[in-house]
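Coordinate analysis (summary)
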Amino acid sequence: MNLKSQNSRPLHYITTSAHQSQINPNYKNDYPQMGEVDPAFIQAIEHRPRPTIIEANEIPVLDLSPISSLDHLPKNHAISKDMVDLISEVAEASEKWGFFQVINHGVPPDKLEKLELIARKFFALPLEEKKKVSRDEGNPLGYYDAEHTKNVRDWKEVFDFTVRDPTVIPVSPDKLEAQLLVNRWPDYPTELREVAQEYAQEVEKLAFKLLELIALSLGLSADRLNGFFKDHTSFIRLNHYPPCPAPQLALGVGRHKDVGALTILAQDGVGGLEVRQKSNGEWVRVKPTPGAFIINVGDIIQVWSNDKYESVEHRVMVNSQKDRLSIPFFFNPAHYVNLKPLEELLNEHNRAKFREYNWGEFFAIRKQSNFKKLNVENIQISHFRITE
Ligand SMILES: O=C(O)CCC(=O)C(=O)O
Ligand SMILES: [Fe+2]
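Everything numeric here is computed off the predicted structure, so don't read it as measured data.

Sheet strands line up and pair through hydrogen bonds in the backbone, either parallel or antiparallel. Ordered in space as β10-β15-β12-β13, the four strands form an open sheet in which the pairing is antiparallel. Edge positions in the open sheet fall to β10 (253-256) and β13 (283-285), since each of these has one partner strand only. Across the sheet, the axes of successive neighbouring strands diverge by a mean angle of 20°, strand direction being ignored.

What follows is the structure, given as structure tokens:
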């Protein structure tokens, strides 16, 4: 890679410019030129985005109206025809795509709009302000602008908070006993805490409904998986992707699979999320659908379902013009839950494909590899795969 300059240009030089220009008309665009991109961001050639984008027109959009007024789904199949249809759509989408979108999901749109607005205000603050609530090795919550995916730095800045406050989970592989994690809220914008918590409560309800739909779609009783989430360790991330001077070299988030059970993602209208299509391995763009959430099956559901529903690889492309905001809710079980294929789905033709592993330990090890560049591959469920 023949870069003009090897000097690192901190991400913060460009993060606020889009907003600064709205606030201050004299603000000069300060985007670094291509040669100034820190090599830490540059993807290996085979992982760089392709110049032509393929839109995924077929990612299923599921209408959750049949369940939007319910708090929980009926425990067995004593359910309406509409619900039966919905459950088979969930089964098909999870098997074929590992991704689907939902509309009429019951989350009030104004809760999301408010959070988006406040998130933009937060990211528009000077870096020193944001760093007052910085994540560190002892606490993975708060602001961070140097996350690595597969040891390459992502072109993004994030703010993480847990849905349950406090949340109990081990955070470091050197200290695997569970710790009490407390959210870090900034002084400004003052409303962030309240708006974020209100949004979290609404999406938490949706997460349980989706979990119940997935259980039913696997032929289990609706509440089969709920017990694993009694003390859930779910967290919400505000992802901000600043405009990037070299979008053909870097990624907002490098290719990865989500390690939790389910992800419920809100994205703004800019677009950038790409999913690796199961049928042919092609990267396809998930076009923003106003009012819809994007749902993806994570590694834990892959393990529980013994590979019936696979967690699908995805990544985020950035662009040189616009910044982008996305808000994933990562629905994760309690730290003490041990994960393995569900007994009732196994038989002599379908033997367990994964060894048991503990969620809290897995989380602690993965968090450390996202925090800094390591020289080893990060932990994956494939490390627990049983090879004959
Ligand atoms: O920004 C997006 O669309 C997806 C982000 C993502 O995959 C993640 O944060 O795990
Ligand atoms: Fe993801």
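All right, on to the packing of helix α4 (residues 81-96) against helix α7 (residues 192-217) then. Between α4 and α7, the shortest axis-to-axis distance is 9 Å and the interhelical angle comes to 85°. As the angle between them shows, α4 and α7 are arranged roughly perpendicular. Within the contact between the two elements, α4 uses Leu86, Ile87, Val90, Ala91 and Ser94 and α7 uses Leu213, Ile214, Leu216 and Ser217.

The first and last C-alpha atoms of helix α9 (residues 359-371) sit 18 Å apart over 13 residues, in line with the 18 Å expected at 1.5 Å per residue. All buried positions along α9 are accounted for by Trp359, Gly360, Phe362, Phe363, Ala364 and Asn370. Looking at the buried residues of α9, the elements they touch are β4 (148-149), β7 (167-169), β17 (338-339) and β18 (357-358).

Among the secondary structure elements, Asn226 is positioned in the loop between α7 and β9 (235-241). Asn226 sits in the partly exposed class, given 15 other C-beta atoms within 10 Å. Expressed as a C-alpha distance, the spacing of Asn226 and Pro333, which sit 107 residues apart in the sequence, is 9.0 Å.

Before going further, it helps to spend a moment on the pairing of strand β6 (residues 157-162). With six of six residues buried, β6 is to be regarded as a mostly interior element. Bridge analysis of strand β3 (residues 142-144) against β6 gives three bridges, and the strand direction is antiparallel. If you follow Tyr143 over to β6, its bridge partner there is Phe159. Here β6 pairs with β9 via six bridges, running antiparallel. The residue of β9 that forms the bridge with Thr162 is Phe235.

A word on the pairing of strand β12 (residues 273-276). When β12 meets strand β15 (residues 314-316), the two strands line up antiparallel, connected through three bridges. In the strand pairing of β15, Leu273 is matched with Val316.

A word on the nonpolar core. Core analysis: the biggest nonpolar cluster contains 93 residues, and Ala207, Leu262 and Ile264 have the highest contact counts within it. Sort the elements by how many residues they give to this core and α7 lands first, with 14 residues. Sequence-distant contacts of Ile264, defined by excluding residues within four places in its chain, comprise Val203, Leu206, Ala207, Phe293, Ile295, Phe329 and Phe331.

In this numbering, the UniProt entry assigns the feature "domain: Fe2OG dioxygenase" (unreviewed entry) to residues 231-333. Structurally, residues 231-333 is divided into 6% helix and 39% strand, and its ends, taken at the C-alpha atoms, are 7 Å apart.

On to α7, then. Between its terminal C-alpha atoms α7 stretches 36 Å, which fits the 38 Å expected from 26 residues at 1.5 Å a residue. Just beyond α7, the residue with positive phi is Gly219, at close to 80°.

So, on to the site of ligand 1. Close contacts around ligand 1 come from Arg237, Asn239, Val253, Asp258, Leu265, Gln267, Leu273, His314, Val316, Ser326 and Pro328, and that covers them all. Elements with a contribution of two residues or more to the shell around ligand 1: β9, β11 (262-267), β15 and β16 (324-331). A per-class count over the shell around ligand 1 returns five nonpolar, four polar and two charged.

This brings us to the environment of Ala91. The residue Ala91 is located in helix α4 in this model. Among the residues examined, Ala91 registers 18 C-beta atoms within 10 Å and is labelled partly exposed.

The omega torsion of the bond from Asp165 to Pro166 falls at 5°, within 30 degrees of zero and hence cis. Its place among the elements puts Pro166 in the loop between β6 and β7. With omega at -5°, the peptide bond leading from Tyr188 into Pro189 counts as cis. Relative to the helices and strands, Pro189 resides in the loop between β8 (179-181) and α7. Despite not being glycine, Asn151 has its phi angle at roughly 65°, a positive value. Looking at the element boundaries, Asn151 is found in the loop between β4 and β5 (152-153). For Asn151, a count of 16 C-beta atoms within 10 Å puts it in the partly exposed group.

Taken together, eight strands build an open sheet; the order of strands is β1-β2-β14-β11-β16-β9-β6-β3 and the sheet is mixed. Strand pairing shows two members of the sheet lacking a second neighbour, β1 (61-63) and β3, which therefore form its edges. Looking at each pair of strands side by side, their axes are set apart by 25° on average, direction ignored. Two elements, β1 and strand β2 (residues 99-103), share three bridges in a ladder whose sense is parallel. The residue of β2 that forms the bridge with Asp63 is Ile103. Relative to the sheet, α7 contacts β6, β9, β11, β14 (293-297) and β16, its axis offset from that of β11 by approximately 130°.

Rules used in this analysis
Residues numbered from 1 in each chain as written. Chains lettered and ligands numbered in written order. Predicted model: local features only at pLDDT ≥ 70, side-chain atom pairs only at ≥ 80, totals over all residues. Pairing = 2+ DSSP bridges. Helix = DSSP H or I, 4+ residues; strand = E, 2+ residues; numbered from the N terminus. Axes fitted to C-alpha atoms, helices over the stretch in contact; angles between N-to-C directions. Parallel < 35°, antiparallel > 145°, perpendicular 65-115°, else oblique. Contact = placed C-beta atoms within 7 Å. Expected span 1.5 Å × (residues − 1). Buried ≥ 20, exposed ≤ 12 C-beta atoms within 10 Å, placed from the backbone. Core = buried A, V, L, I, M, F, W, Y, C linked by C-beta atoms within 7 Å. UniProt positions renumbered as here; feature names shortened; annotations may be inferred. Near = placed C-beta within 6 Å. Nonpolar A, V, L, I, M, F, W, Y, C, P; charged D, E, K, R; others polar.

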